Amino acid sequence: METISLIGFVVLALVALVTGIWILVYAFQDSFLWGVGCIFIPFVIYIYCFLNWNECKKPFWISIAVTILMVPLLITGFKLEVEKREANIPRLPNYEESQ
């Protein structure tokens, strides 16, 4: 189960990376400053997407869908990791049992 969620997470992360680069290509084609702003200033990429909606709507919606799909994989991965670590914690004997 851990392997499946890890593989799914990596695949979705790569798709998110591709959609981010896709939007950056549009931003740099529009203006050098838009491209640099999208890289270095937080949330400028979203402003660019909304101002140039006709170009950016497809990669934007793909990135939103990927983000939504990544959340359950992250939760599952964290849950499995916690369960694995809890199984390895040595238990102290109960005080009442030792007497």
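Before any of the text, the structure's been laid out above.
The structure presented is a predicted model; accordingly, all values stated were derived computationally and were not measured.

Calculation rules
Residues numbered from 1 in each chain as written. Predicted model: local features only at pLDDT ≥ 70, side-chain atom pairs only at ≥ 80, totals over all residues. Heavy atoms only, no water. Salt bridge = Lys/Arg side-chain N within 4 Å of Asp/Glu carboxyl O. Helix = DSSP H or I, 4+ residues; strand = E, 2+ residues; numbered from the N terminus. Buried < 20%, exposed > 50% of the residue type's maximum accessible area, 1.4 Å probe, protein only. Axes fitted to C-alpha atoms, helices over the stretch in contact; angles between N-to-C directions. Parallel < 35°, antiparallel > 145°, perpendicular 65-115°, else oblique. Left-handed = near helix turned anticlockwise from the far one by under 90°. Patch = residues over 30% accessible without salt bridge, like charges linked within 9 Å, V, L, I, M, F, W, Y side chains within 5 Å. Areas by Shrake-Rupley, 256 points an atom, 1.4 Å probe, with all protein chains shown as cover. Core = buried A, V, L, I, M, F, W, Y, C linked by side-chain atoms within 4.5 Å. Contact = heavy atoms within 4.5 Å. Disulfide = S-S within 2.5 Å.

**Let's talk about the pattern of salt bridges**
According to the stated counting rule, one finds 2 salt bridges in the structure shown. Glu81 is paired through a salt bridge with Lys84; the nearest N and O atoms lie 3.6 Å apart. Of this pair, Glu81 and Lys84 are both found in helix 4 (residues 53-87), 3 residues apart, which corresponds to roughly one turn of the helix. With a relative accessible area of 27%, Glu81 lands in the partly exposed category. Under the relative-accessibility criterion, Lys84 is labelled partly exposed at 39%.

**Quick look at the environment of Trp53**
Tracing the backbone through its elements, the reader meets Trp53 in helix 4. We classify Trp53 as partly exposed; its relative accessible area is 28%.

**Some details on the packing of helix 1 (residues 2-30) against helix 4**
Closest axis-to-axis distance for the helix 1/helix 4 pair is 8 Å, and the angle between their directions is 155°. Relative to helix 4, the element helix 1 is oriented roughly antiparallel. Note on packing geometry: the crossing formed by helix 1 with helix 4 is left-handed.

**Remarks on unusual backbone geometry**
Although it is not a glycine, Phe43 adopts a positive phi angle of roughly 70°. With respect to the secondary-structure elements, Phe43 resides in the loop between helix 2 (32-40) and helix 3 (44-51). Overall, the relative accessible area of 60% leaves Phe43 in the exposed class.

**Remarks on a nonpolar patch on the surface**
The grouping of Leu6, Val10, Leu14, Leu17, Ile21 and Val25 at the surface amounts to a nonpolar patch, some 530 Å² of accessible area in total. Within the fold, Val25 resides in helix 1. Judged by relative accessible area, Val25 falls into the partly exposed class, the value being 41%.

**Comments concerning the nonpolar core**
Ile23, Leu24, Ala27, Cys38, Val44, Ile45, Tyr48, Cys49, Cys56 and Phe60 together form the largest nonpolar core, which totals 10 residues. Looking at this core, the elements that each hand over two or more residues are helix 1, helix 3 and helix 4. When residues in this core are grouped by element, the largest group, 4 residues, is from helix 3. Apart from the residues within four sequence positions on either side, Ile45 is in contact with Gly20, Ile23 and Cys38.

**Quick notes on the environment of Ile47**
The residue Ile47 is located in helix 3 in this model. Taking C-alpha positions, Ile47 is 10.0 Å from Trp34, a pair spaced 13 residues apart along the chain.

**Quick notes on the state of the cysteines**
One way to say it: the disulfide is the covalent bond shared by the sulfur atoms of two cysteines. Scanning the model with the defined rule gives 0 disulfides in all. Free of any disulfide, Cys38 has its nearest neighbouring cysteine sulfur in Cys49, separated by 7.2 Å. Taking the relative accessible area as the measure of exposure, Cys38 reaches 9% and is therefore buried. Considering cysteine sulfurs only, Cys56 is the nearest to Cys49, which forms no disulfide, with 4.3 Å between them.

So far we have only geometry, and geometry alone does not tell us how the molecule works.
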